[in-house]
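Single-letter residue listing:
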Amino acid sequence: MAKSISLTRYLVEQQRGHTGPADSPGAIPPQLRLLLEVVARACKSISLAVNKGALGGVLGTAESENVQGEIQKKLDIIANEVLIEANEWGGHLAAMASEEMEGIYVVPNRYPQGEYLLLFDPLDGSSNIDVNVSIGTIFSVLHKPEGSGAGVSEQDFLQAGARQVAAGYCVFGPQTTLVLTVGAGVVMFTLDREQGSFVLTQENVKIPEDTKEFAINMSNMRHWGTPVKRYIDECLQGVEGPRGKDFNMRWIASMVADVHRILTRGGIFMYPWDKREPEKPGKLRLMYEANPMSWLVEQAGGASTNGKHRILDIQPSKLHERVSVILGSKNEVERVTRYHSE
Ligand code: P6P
């Protein structure tokens, strides 16, 4: 039995490799290593709360709305508080931003300020909580911009996804699995509940460039734009149609679970613009859903666009801005993107 490698050992070894410039791929400076260990510990706490379910009195809604105008689940708020409390005292962060909070959370003066910015969707897929379907925490790490002075503002967060220094998610499903990139590929750690630690279970994750599986909410079909309608229609025509093969469909309505499947066996995930709210570019949020997932997918050899542009190149103008998302197996994403340009 190969000796198991814990998350701590993995991060220490990556940090040891940090001899060159701080931004060389895979380098993990000490403060970033601390940040990732703290986020992983917070994910363990969230996993425990999620796994209690009805026994922990954590199901159901919190009778409050978040900045997105969505009814908050009790676990949304619990997960948000866990991440704030775990990260605010360590001295590695200047501020945090969350789907559940309108403005940024600046580290209080009673704690030392660090150089990193942490963004997260504390519990993505909340509609699945009460029906016991996989959900997850998504996080993204940026550097505080050089020369931004002592303070920190929302403007400091508005960086393109290509500037992330770390990104990942923790999926709370049959296993609790932490998936991470620091720019040197994608690794996966499974929570060993007996030891209480994340153990390395997959290195060098690769998404097949082709697939026979698409993920989209089909109930929105009549609202989609022509390119997406064309792509899905061709998939549905199967082996007799222009694609010459049959396709399968999955839609878990939990981006973390759908993306985890794609990282594990390939596929294409789409939450495209549709005409229900034409002024909105899409449903999903750029900064703490699309950007971290897009970096993970690209690091695993996949692709991610908004139909026209690489998502990681998009310059954000607002913290909670939304984006159309088409990500997964490279050749399929390129096909859908090509259809948008034709
Ligand atoms: P719909 C969850 O609420 C979420 O933000 C993503 O995790 C998921 O992919 C999507 O929304 C599901 O949206 O419209 O199918 O319920």
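Each value, and the rule that gives it
- Residues numbered from 1 in each chain as written.
- Predicted model: local features only at pLDDT ≥ 70, side-chain atom pairs only at ≥ 80, totals over all residues.
- Heavy atoms only, no water.
- Near = heavy atom within 4 Å.
- Polar contact = N/O pair within 3.5 Å; in protein donor to acceptor, adjacent residues only side chain to side chain.
- Areas by Shrake-Rupley, 256 points an atom, 1.4 Å probe, with all protein chains shown as cover.
- Nonpolar A, V, L, I, M, F, W, Y, C, P; charged D, E, K, R; others polar.
- Domains from an automatic or database assignment.
- Contact = heavy atoms within 4.5 Å.
- Buried area = accessible area lost by both parts, 1.4 Å probe.
- Salt bridge = Lys/Arg side-chain N within 4 Å of Asp/Glu carboxyl O.
- Phe/Tyr/Trp six-rings, centres within 6.5 Å; stacked < 30°, edge-to-face > 60°.
- Helix = DSSP H or I, 4+ residues; strand = E, 2+ residues; numbered from the N terminus.
- Buried < 20%, exposed > 50% of the residue type's maximum accessible area, 1.4 Å probe, protein only.
- Pairing = 2+ DSSP bridges.

Not every one of the 13 residues close to the ligand is listed here, only the nearest: Asp124, Asn217, Trp251, Met255 and Tyr271. Met255 has a polar backbone atom sitting 2.7 Å from an oxygen atom of the ligand. Its free accessible area being 390 Å², the ligand has 83% of it covered by the protein chains. Residues that form the shell around the ligand fall into these classes: six nonpolar, three polar and four charged.

Taken domain by domain, the protein holds domain 1 (7-202) and domain 2 (213-341). Using only C-alpha atoms to locate each centre, domain 1 and domain 2 end up separated by 24 Å. Counting from both sides, the interface comprises 49 residues of domain 1 and, opposite them, 32 residues of domain 2. Three residues, Ile138, Leu158 and Tyr169, lead the burial of domain 1 against domain 2; their summed loss comes to 20% of the area buried on that side. Between the two partners, domain 1 and domain 2, sit one salt bridge.

Under the counting rule described, the total for this entry stands at three aromatic pairs. Ring centres 5.3 Å apart and planes at 70 degrees place the aromatic pair Tyr10 and Phe189 in the edge-to-face group. One end of the pair, Tyr10, is in helix 1 (residues 7-16); the other, Phe189, is in strand 9 (residues 186-192), with 179 residues separating them in the sequence. In this pair, the class of Tyr10 matches that of Phe189, namely buried. Arranged with centres 5.3 Å apart and planes meeting at 25 degrees, the rings of Trp251 and Phe269 form a pair that is stacked. Remark: Phe269 occurs in strand 13 (residues 268-271) and Trp251 occurs in the loop between strand 12 (248-249) and helix 6 (255-265); sequence separation between them is 18 residues.

What follows concerns the side chain of Thr211. For Thr211, the location among the structural elements is in the loop between strand 10 (197-202) and strand 11 (213-215). Residue Thr211 is classed as buried on the basis of its relative accessible area of 8%. Within the structure, the side chain of Thr211 is placed 3.3 Å from the backbone nitrogen of Gly267, a separation counted as a polar contact. In contact with Thr211, other than residues within four places in its own chain, are Lys245, Phe247, Gly266, Gly267, Ile268, Ser329 and Glu332.

Here we have five strands laid out as an open sheet, ordered 12-11-13-17-15, and mixed in their pairing. The sheet is open, and its two borders are formed by strand 12 and strand 15 (303-305), each paired with just one other strand. Pairing between strand 15 and strand 17 (residues 325-328): three bridges, direction antiparallel. Bridging from a neighbouring strand, Ser304 pairs with Leu327 of strand 17.

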